[in-house]
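# Structural characterization, general
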Amino acid sequence: METTKTNGPAAGELDADRGPDRTEDDGATDATAPGTAPGTAPETASPGTAPATTGEPQDLDDPDDVDEPETPGSADAPADPAGVVPGAAAVVGAALGLASLTGTWLGTVLAERRQLIGQIDTSSGSPAQQIEQIYGAPWHTTAAVNGVCALIALVVLGAVLLAGRNAAPWVRAVAWGGLALGVLGLCVAAGTWFDLFGGLPSVAGTPVSSGG
């Protein structure tokens, strides 16, 4: 049997005829997004929709997560003993300096006690002795107590000023003020002790009348 051979286009001619069309199809396929099937359009995000998350944590500016900087002098900071001791000493010294001028409860009690002793001792004494023991002795007792307070104030405040040269300004101001009060109180106490502000009262002698 004879086989009839159809005259058709050769394979090379068929590929040549389809060459441009095949190139355009390949370019369209490459333009699609990876992972999509050929012939399907890539998905586009519509306006107003949030982008899809990739699984990685996003950095959000949360005001609660921000660490606030620590400021010096906060409540958690421990107090500096080097600044507390001079301040306390300056306040105590200033109080003693003021007490040397105004008097103290201890000085009042000791003066009253000395006055009571004088009344007991001079119950049968002369008027001059009674004045000395009842008035002069308590006066001098008060002056002695005030003088001791002034001396303690001067010692404490002098130590604060010498040792606390780098202390806070208010510490040195209080110390200088208390030192001035201590000096003034010491001067007043010394004047009271030596009767510089007034002597003891004296009793005039009673004239003796002669009988006629």
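Everything quoted here is computed from the prediction, not taken from an experiment. (Residues numbered from 1 in each chain as written. Predicted model: local features only at pLDDT ≥ 70, side-chain atom pairs only at ≥ 80, totals over all residues. Heavy atoms only, no water.)

Another aspect to go through is the overall build of the protein. If you tally the helices and strands in the protein, you get six helices and zero strands. Order of helices (α) and strands (β) in the protein, N terminus to C terminus: α-α-α-α-α-α. Residues counted as buried form 19% of the 212 residues belonging to the protein. When the accessible surface of the protein is split by element, carbon and sulfur atoms take 61% of a total near 16300 Å². (Helix = DSSP H or I, 4+ residues; strand = E, 2+ residues; numbered from the N terminus. Buried < 20%, exposed > 50% of the residue type's maximum accessible area, 1.4 Å probe, protein only. Areas by Shrake-Rupley, 256 points an atom, 1.4 Å probe, with all protein chains shown as cover.)

For any pair of aromatic rings, the description consists of the separation of the ring centres together with the inter-plane angle of the planes. Counted by the stated rule, this structure contains one aromatic pair. With a centroid separation of 6.4 Å and an interplanar angle of 15 degrees, the aromatic rings of Tyr-135 and Trp-139 are classed as stacked. Placement of both Tyr-135 and Trp-139 in helix H5 (residues 127-163) is noted, with a separation of four residues, approximately one turn of the helix. Of the residues examined, Trp-139 reaches a relative accessible area of 37% and is grouped as partly exposed. (Phe/Tyr/Trp six-rings, centres within 6.5 Å; stacked < 30°, edge-to-face > 60°.)

Moving on, we come to the environment of Ala-143. Mapped onto the fold, Ala-143 is located in helix H5. Classification of Ala-143 as buried rests on a relative accessible area of 5%. Here Ala-143 is in contact with Ala-189, Thr-192 and Trp-193, once residues within four sequence places are set aside. (Contact = heavy atoms within 4.5 Å.)

The phi dihedral of Asp-195 falls on the positive side, at around 55 degrees, and the residue is not glycine. When you line up the elements, Asp-195 lands in the segment after helix H6 (169-193).

Let's shift gears to the nonpolar core. Counting residues in hydrophobic clusters, the biggest one holds seven residues: Ala-90, Leu-157, Val-160, Leu-161, Val-171, Ala-175 and Leu-179. Secondary-structure elements contributing two or more residues to this core are H5 and H6. (Core = buried A, V, L, I, M, F, W, Y, C linked by side-chain atoms within 4.5 Å.)

This part covers H5. With 37 residues, H5 extends 53 Å between its outermost C-alpha atoms, agreeing within 8% with the 54 Å of an ideal straight helix rising 1.5 Å per residue. The largest bend in H5 amounts to roughly 35 degrees and is located at Gly-136, with the proline Pro-138 lying one to four residues further along. (Expected span 1.5 Å × (residues − 1). Bend = angle between axes of the 7 residues up to and from the residue.)

Right, let's talk about the packing of H5 against H6 for a bit. Where H5 meets H6, the axes come as close as 8 Å, and the angle between the chain directions of the two elements is 155 degrees. Judged by the angle between their axes, H5 and H6 are roughly antiparallel. Between H5 and H6 the crossing geometry is left-handed. In the contact of H5 with H6, the residues fall into 17 nonpolar, seven polar and one charged. (Axes fitted to C-alpha atoms, helices over the stretch in contact; angles between N-to-C directions. Parallel < 35°, antiparallel > 145°, perpendicular 65-115°, else oblique. Left-handed = near helix turned anticlockwise from the far one by under 90°. Nonpolar A, V, L, I, M, F, W, Y, C, P; charged D, E, K, R; others polar.)

As a further point, take a nonpolar patch on the surface. There is a patch of nonpolar side chains on the surface, built from Leu-101, Leu-184, Val-188, Trp-193, Phe-194, Leu-196 and Phe-197 and spanning about 750 Å² of accessible area. When residues of the nonpolar patch are assigned to their parent elements, the largest contribution, three residues, is made by H6. As for its placement among the helices and strands, Leu-101 is situated in helix H3 (residues 81-102). Here Leu-101 falls in the partly exposed class, since its relative accessible area comes to 31%. (Patch = residues over 30% accessible without salt bridge, like charges linked within 9 Å, V, L, I, M, F, W, Y side chains within 5 Å. Salt bridge = Lys/Arg side-chain N within 4 Å of Asp/Glu carboxyl O.)

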